[in-house]
Amino acid sequence: MKKKLTLAAALTAATVLSGAASAKTFVYCSEGSPEGFDPGLYTAGTTFDAAAHTVYNRLLEFKPGTTETEPGLAESWEISDDGLEYTFKLRPGVKFQTTDFFTPTRDLNADDVIFSFERQLKADHPWHQYVAGAAWEYFNGMGFPDLIESIEKVDDMTVRFKLKQKEAPFLANVAMPFASIVSKEYADKLEADGQMQTLNQQPLGTGPFEFVAYQTDAVIRYRAHDDYWGGKQKIDDLVFAITTDASVRYQKLKAGECHLMPFPNAADVAEMKADPNLKVMEQEGLNVAYLAYNTTQEPFDKVEVRKALNMAINKEAIVDAVFQGQATPAKNPIPPTMWSYNEAIEDDAYDPEAAKKMLEEAGVSNLSMKVWAMPVARPYMLNARRAAELIQSDFEKIGVKVEIVTYEWAEYLDRSKAKDRDGAVMLGWTGDNGDPDNFLHTLLGCDAVGGNNRAQWCNEEFNDLVLKAKAATDQAERTKLYEQAQEVFKREAPWATLDHSLSVVPMRKEVEGFHQSPLGDFAFEGVDLVE
Amino acid sequence: MAVSLGINLQPPEIEPAMLRFILGRLAVLIPTFIGVSIIAFAFIRILPGDPVMLMSGERVMAPERYEQISRQLGYDRPLPVQYFDYLTDVLSGDFGNSIVTRRPVLDDFLTLFPATLELSLCAMFLAILIGIPAGVFAAIKRGSAFDQTIMGTALVGYSMPIFWWGLLLIILFSGTLGWTPVSGRISLLYFFPPVTGFMLIDSLLSGQAGAFKSALSHLILPSIVLGTIPLAVIARQTRSAMLEVLSEDYVRTARAKGLSPFRVIGIHALRNALIPVITTIGLQVGVMLAGAILTETIFSWPGIGKWMVDSVFKRDYPVIQSGLLIIAGVIMLVNLAVDLLYGLINPRIRH
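Anyway, here's the lowdown on the structure attached to this text. (Residues numbered from 1 in each chain as written. Chains lettered and ligands numbered in written order. Predicted model: local features only at pLDDT ≥ 70, side-chain atom pairs only at ≥ 80, totals over all residues. Heavy atoms only, no water.)

1. As for the overall build of chain A
Short version of the rule: Think of it this way: any DSSP run of H or I at least four residues long counts as a helix, any run of E at least two long counts as a strand, and we number them from the N terminus. Think of it in three bands: residues with accessible area under 20% of the maximum for their type are buried, residues over 50% are exposed, and the middle band is partly exposed, with areas taken using a 1.4 Å probe on protein chains only. Should any heavy atoms of two residues lie within 4.5 Å, those residues are counted as being in contact. Computed with the Shrake-Rupley method and a 1.4 Å probe, the accessible areas treat only the protein chains shown as cover for residues. By the counting rule applied here, Lys and Arg register as positive and Asp and Glu as negative, while His and the ends of each chain are not counted. Where a charge lies is defined by one atom per residue type: Lys uses NZ, Arg uses CZ, Asp uses CG and Glu uses CD.
Each helix and strand counted, chain A has 17 helices and 19 strands in total. Within chain A, the fraction of its 531 residues that count as buried is 60%. Of all intrachain contacts in chain A linking residues separated by at least 6 positions in sequence, the fraction that spans at least 24 positions is 70%. On chain A, roughly 19500 Å² of surface is accessible, and the fraction owed to carbon and sulfur atoms is 48%. Separation between the mean location of the 54 positive side-chain charges and that of the 83 negative ones in chain A comes to 2 Å.

As structure tokens, then:
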């Protein structure tokens, strides 16, 4: 394998030299190193940007810039009347990449799709443990092992998934990076050569860019896939220059060493906007930060108490202090970029006086409570400690004493799940698949109590609505159910919804055709450089 | 025997005393190595935070899956068993696989270490090249404004927070003036397979025009940043060692017999003053590896410092414990080399 790599590298070097004048190279200053190149094995966005959105495609794809799905490798699909069978018709003539390390002899077919899912599903599959401790974390996290009854090859170009129960988000789930379709032919060859690990180091798929080389922790190189089914890309080469520090990324962008960067420092954004060489895209991220009361414990089992506390929190102040304005106060548990977001809901107004009165009327006095603050910066909450301090002083104004507690991150996640833990836990969520079920059912459903449901909140009315929406396949019907669920949520107030952070993407002004993804992906299909 | 001043440049015949000295030093390495392996192994496990739990983040992992993964990774076994297996593996040359990238730890180390070594050597070169002359001149002009300035600057350099210093230089030289590239090891235009892992050498071997110059320009700022603290330490150490030597009788004798000031200071005094300076330089290797963590992070330098930090955040046990062990091994070997060199220079040590 080493020899092949060297050859590949030498070839590319030659093309860079000879064709440098006309080649269009797009440089992305990425924020970290990918963990590997098999999207099925990982859960980090950084890895998906490098592995999934470049090299691979999925059966369905997210329409650029939205959370809606569109046909990808599946040209069309049918759902049986009972909602348990999904039959995907594959797009004909889809070519795999021809690279220095592998030359495919056939187009995409049903075997590739079945292979891609079964290796994650079946414990006795030869590829299930091809790297030690492969956990297929996302596949399991999205509940696929309990959902998929079987995957059948109807004919060469048709695949049928049988599910054990109705699951409307299934279509969005198969558009997620972990469901990327890998080449069975390539995998077979690696298996025959005893080089299975290579699948995680030299990926080969049907996507817009083909993998050239990865220099550990430094640079990833891709080339446009000549026979891409969606049309050859306008840029010839795509380069990820790994730059972990946000200030340094900004300097590189300014110096023209890269064309686009993720995750700027909030403090730099104003300066970026003023720079004539740059342009800045902004959008609410698919996330929410919240403070979850333990609704099973005194006095937080009373709606009035939770409401009163919510009214005492000055969210604007948090957004200003923690995000320098790069966030919006949240009123719903789902972000505004997600379909079914209930615009009509009115947030509890910030009103310490009224809150204090409400607390008195509820018969609560001399309340002292714990507020948990995460020890790490998360996309939805850059500085939990600071936010907790603001909440502490807000609560003090209505006579509630707050003790801020924190633990090491893994410990924090673990302890905060406990049903009998005290106080209010600050946490948040970044969406996986753009489906409201992924927030409302995952975080607030009854079966998530003791797990993701940190408020330990099981409300029958709410739970019925989200379960009904999960089983319904009609989008309009689902939208209505989720809108109602948000009303119940607001009325019952198991959380104080804090903020949705903005995702800010600065780029050189010559960059065209980049779509900011509400899912937080950085995908470069369709980008161009226009002088 | 004539008064032998300075270093004996004859190839050393290994005399029994020297041999005993070398063997003695080597024997000390073995318990040190085992000690380090225990500390590295225990240290990360004492730290709160569980690698399996961190894999799922906010997403809650079912207890059965948690147990299954822990079992696959072998973390459900008693700690002494884990340690003993680990030590056995290491002694047979297997440093384990990263639980994040799944690649062998040794492979990643060998890929990344040349980058750190190249940067450290350049930084050290810079520190010695400037530090020793600065220290010598400060000693000669003791108490003068020149001395005060040099020592003041050295103190500032020694106290400089690396991260801030690096950013400052980037903003000035790369941002405002545009003289140096911001980060990385070489311009993205150049792409060739690594042969030695040292970019300066590989760029020459590649035969691509301008590649060497590009690699060199990428080294300037990180070398300055990483070299600042050792430079300050070396300058101060040279100065005080020089001051001590300059008051020795033999220096007065040398002056009295009419040798030029250059010979007195440059040959007779400096050679002896260098003995403690070499020790200091050896000790700075450890300091450098610590500094490399920050320098590499800020300059996106793909070396072992950045690699270790990332693994700590991910609680990547195999990488942390083996990485620490390998790095400690390197430092131990450097110190051994310094000890031997020292023994060579100063016969009193080995007797």
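More follows now that the structure is in view.
2. Some thoughts on the side chain of B:D202
Residues and elements named next belong to chain B. Which entries qualify depends on this criterion: Criterion for a salt bridge: a side-chain nitrogen of Lys or Arg within 4 Å of a carboxyl oxygen of Asp or Glu. Between N or O atoms, a polar contact is any pair within 3.5 Å; within protein, one atom must be a potential hydrogen donor and the other a potential acceptor, and residues adjacent in sequence are included only when both atoms are from side chains.
Within the secondary structure layout, D202 lies in helix 8 (residues 199-206). No salt bridge is formed by the buried D202, whose closest oppositely charged neighbour, R185, lies at an N-O distance of 6.7 Å. At 2.8 Å, the side chain of D202 and the side chain of T196 are in polar contact. The contacts of D202, once residues within four sequence positions are left out, are F192, P194, V195, T196 and G197.

3. Overview of the packing of aromatic side chains
To keep things clear, this is the line we draw: Each pair of aromatic rings taken from Phe, Tyr and Trp, with Trp reduced to its six-membered ring, is defined by centres within 6.5 Å and is described as stacked if the planes are under 30 degrees apart, edge-to-face if over 60, and tilted in the remaining cases. A ring is scored as having a charge over it whenever the NZ atom of a lysine or the CZ atom of an arginine sits within 6 Å of its centre and within 35 degrees of its normal.
Applying the stated rule across the entire model yields 44 aromatic pairs over all chains. With centroids separated by 5.8 Å and ring planes inclined at 85°, the aromatic side chains of A:F115 and A:W127 adopt a geometry described as edge-to-face. One end of the pair, A:F115, is in helix 3 (residues 110-121); the other, A:W127, is in the loop between helix 3 and helix 4 (137-141), with 12 residues separating them in the sequence. With respect to burial, A:F115 and A:W127 carry one shared label: buried. Here the basic side chain of A:R221 rests over the ring of B:F191, its NZ or CZ set 4.2 Å away from the ring centre. In this structure, B:R45 is placed above the aromatic ring of B:F41, and the distance from its NZ or CZ to the ring centre is 3.8 Å.

4. Quick notes on the state of the cysteines
All names here are of chain A. What counts, and what does not: Put simply, a disulfide is two cysteine sulfurs that come within 2.5 Å.
Tallying each qualifying case throughout the model produces 2 disulfides over all chains. Between C29 and C258 runs a disulfide, and the two sulfur atoms are separated by 2.4 Å. Of note, the bridge from C29 to C258 carries an S-S torsion of about -105° and is left-handed in sense. In this pair, C29 sits in the loop between strand 1 (25-28) and helix 2 (45-55) while C258 sits in the loop between helix 8 (246-254) and helix 9 (269-274), placing the two residues 229 residues apart along the sequence.

5. Observations regarding helix 5 (residues 105-140) of chain B
Just so we agree on the cut-off: Under the convention used throughout, the expected extent of a helix is 1.5 Å for every residue step, that is, one less than its residue count. One axis fitted to the seven residues ending at a residue, another fitted to the seven starting there: the angle between these axes is the bend at that residue.
Taking 1.5 Å per residue as the helical rise, helix 5 of chain B with its 36 residues ought to reach 52 Å, and the 50 Å between its terminal C-alpha atoms agrees with that figure. Largest kink in helix 5 of chain B: about 35°, centred on B:L112, with the proline B:P114 one to four residues after it.

6. Re the nonpolar core
Here is the rule we go by: In these notes, a set of buried Ala, Val, Leu, Ile, Met, Phe, Trp, Tyr and Cys residues joined through side-chain atoms within 4.5 Å is what counts as a nonpolar core.
Ranked by internal contacts, the top residues of the largest apolar core, which has 154 residues, are A:L59, A:F117, A:F161, A:M381, A:M426 and A:F524. Ignoring anything within four residues of it in the chain, the contact list for A:F161 reads A:L59, A:L84, A:E85, A:Y86, A:F88, A:V113, A:F117, A:I148, A:S150, A:I151 and A:F170. Membership of the second largest hydrophobic core comes to 34 residues, among which are B:F192, B:L246, B:A273 and B:W301.

7. A look at the sheet that holds strand 9 (residues 219-224) of chain A
Residues and elements named next belong to chain A. Quick note on the threshold: The pairing criterion for strands is at least two bridges between them, as found by DSSP. Angles here are taken between N-to-C directions and fall from 0 to 180 degrees, while the axes themselves are lines fitted to C-alpha atoms, restricted in helices to the stretch in contact.
Spatially, the 4 strands line up as an open sheet ordered 1-10-9-8, and their pairing is mixed. Each end of this open sheet is capped by a strand with a single partner; those strands are strand 1 and strand 8 (209-215). Neighbour-to-neighbour, the strand axes of this sheet turn through a mean angle of 20°, independent of strand direction. Note: strand 9 against strand 10 (residues 237-241), 5 bridges, orientation antiparallel. Bridge pairing links I220 to F240 in strand 10.

8. Some details on the interface of chain A and chain B
For the record, the criterion: The term buried area refers to how much accessible surface (probe radius 1.4 Å) is lost by two components on association, counted for both of them together. Note on residue categories: nonpolar means Ala, Val, Leu, Ile, Met, Phe, Trp, Tyr, Cys or Pro, charged means Asp, Glu, Lys or Arg, and polar means any other residue, Gly included.
Taken together, the contact between chain A and chain B spans 60 residues of the former and 45 residues of the latter. Carbon and sulfur atoms make up 58% of the area that chain A and chain B hide from each other, which totals about 4300 Å². Three residues stand out in chain A for area buried against chain B, namely A:T216, A:D217 and A:Q251, and they jointly supply 13% of the buried area on that side. Joining chain A to chain B, the criterion identifies 1 salt bridge. Residues A:E408 and B:R315 are paired through a salt bridge, measuring 3.5 Å at the closest nitrogen-oxygen approach. Across the contact surface, chain A and chain B share 7 residue pairs in polar contact (both at pLDDT 80 or more). Breaking the side of chain A that touches chain B down by element, the ones donating at least two residues are helix 1 (2-19), helix 4, strand 8, strand 9, strand 10, helix 8, helix 14 (409-416) and strand 16 (424-430) of chain A. Sort the elements by how many residues they give to the side of chain A that touches chain B and helix 1 of chain A lands first, with 6 residues. A breakdown of the residues in the side of chain A that touches chain B according to their chemical character gives 28 nonpolar, 19 polar and 13 charged.

9. Let's talk about the packing of helix 15 (residues 437-444) of chain A against helix 16 (residues 460-471) of chain A
All names here are of chain A. Inclusion rule: Should an angle lie under 35 degrees it is considered roughly parallel, over 145 roughly antiparallel, and from 65 to 115 roughly perpendicular; all remaining angles are considered oblique. Crossings are assigned a handedness: left-handed for a near helix turned anticlockwise from the far helix by less than a right angle, right-handed for a clockwise turn.
Running from N to C, helix 15 and helix 16 point in directions that differ by 135°, and their axes come no closer than 10 Å. Put simply, helix 15 runs oblique to helix 16. When you trace helix 15 past helix 16, the crossing you get is left-handed. Across the interface between the two elements, D437, L440, H441 and L444 of helix 15 pack against F462, V466, L467 and K470 of helix 16. Looking at the contact of helix 15 with helix 16 residue by residue, the classes come out as 5 nonpolar, 1 polar and 2 charged.

10. Here's the deal with the sheet that holds strand 7 (residues 158-163) of chain A
The strands making up a sheet associate through hydrogen bonds between their backbones, and the pairing can be parallel or antiparallel. Residues and elements named next belong to chain A. Here 4 strands make up an open sheet; going across it, the order is 4-5-7-6 and the pairing antiparallel. Looking at which strands have only one partner, the edges of the open sheet turn out to be strand 4 (74-79) and strand 6 (148-155). Neighbour-to-neighbour, the strand axes of the sheet open up by a mean angle of 20°, direction not taken into account. Strands strand 5 (85-90), strand 6 and strand 7 of the sheet are contacted by helix 3, whose axis makes an angle of about 165° with strand 6.

11. Considering the environment of B:S223
All names here are of chain B. Relative to the helices and strands, S223 is located in helix 9 (residues 211-246). On the accessibility criterion, S223 (6% relative accessible area) is buried. Taking the C-alpha atoms as reference points, S223 and L121, 102 residues apart in sequence, are found 8.6 Å from one another. Beyond its immediate chain neighbours, meaning those up to four positions away, S223 contacts L119, C122, A123 and L126.

12. Remarks on the pattern of salt bridges
Residue and element names in this part refer to chain A. The final tally for this structure, using the stated rule, is 44 salt bridges over all chains. Here K315 makes a salt bridge to D347, at a shortest N to O gap of 2.8 Å. With K315 in helix 11 (residues 315-323) and D347 in the loop between strand 13 (327-329) and helix 12 (352-361), this pair connects stretches of sequence that are 32 residues apart. On the accessibility criterion, K315 (11% relative accessible area) is buried. One salt bridge in this structure joins E510 and R508, with 3.7 Å as the shortest N-O distance. Using a relative accessible area of 13% as the deciding quantity, one classes E510 as buried.

13. Describing the pairing of strand 12 (residues 287-293) of chain A
Residue and element names in this part refer to chain A. Summarising burial for strand 12: 7 of the 7 residues are buried, a large majority. Burial along strand 12 is two-sided: the residues N287, A289, L291 and Y293 and V288, Y290 and A292 are all buried. In terms of strand pairing, strand 12 meets strand 16 through 7 bridges, oriented antiparallel. Directly across from N287, in strand 16, lies its bridge partner T430. Pairing between strand 12 and strand 17 (residues 495-508): 4 bridges, direction antiparallel. When the bridges of strand 17 are listed, A289 appears paired with D499.

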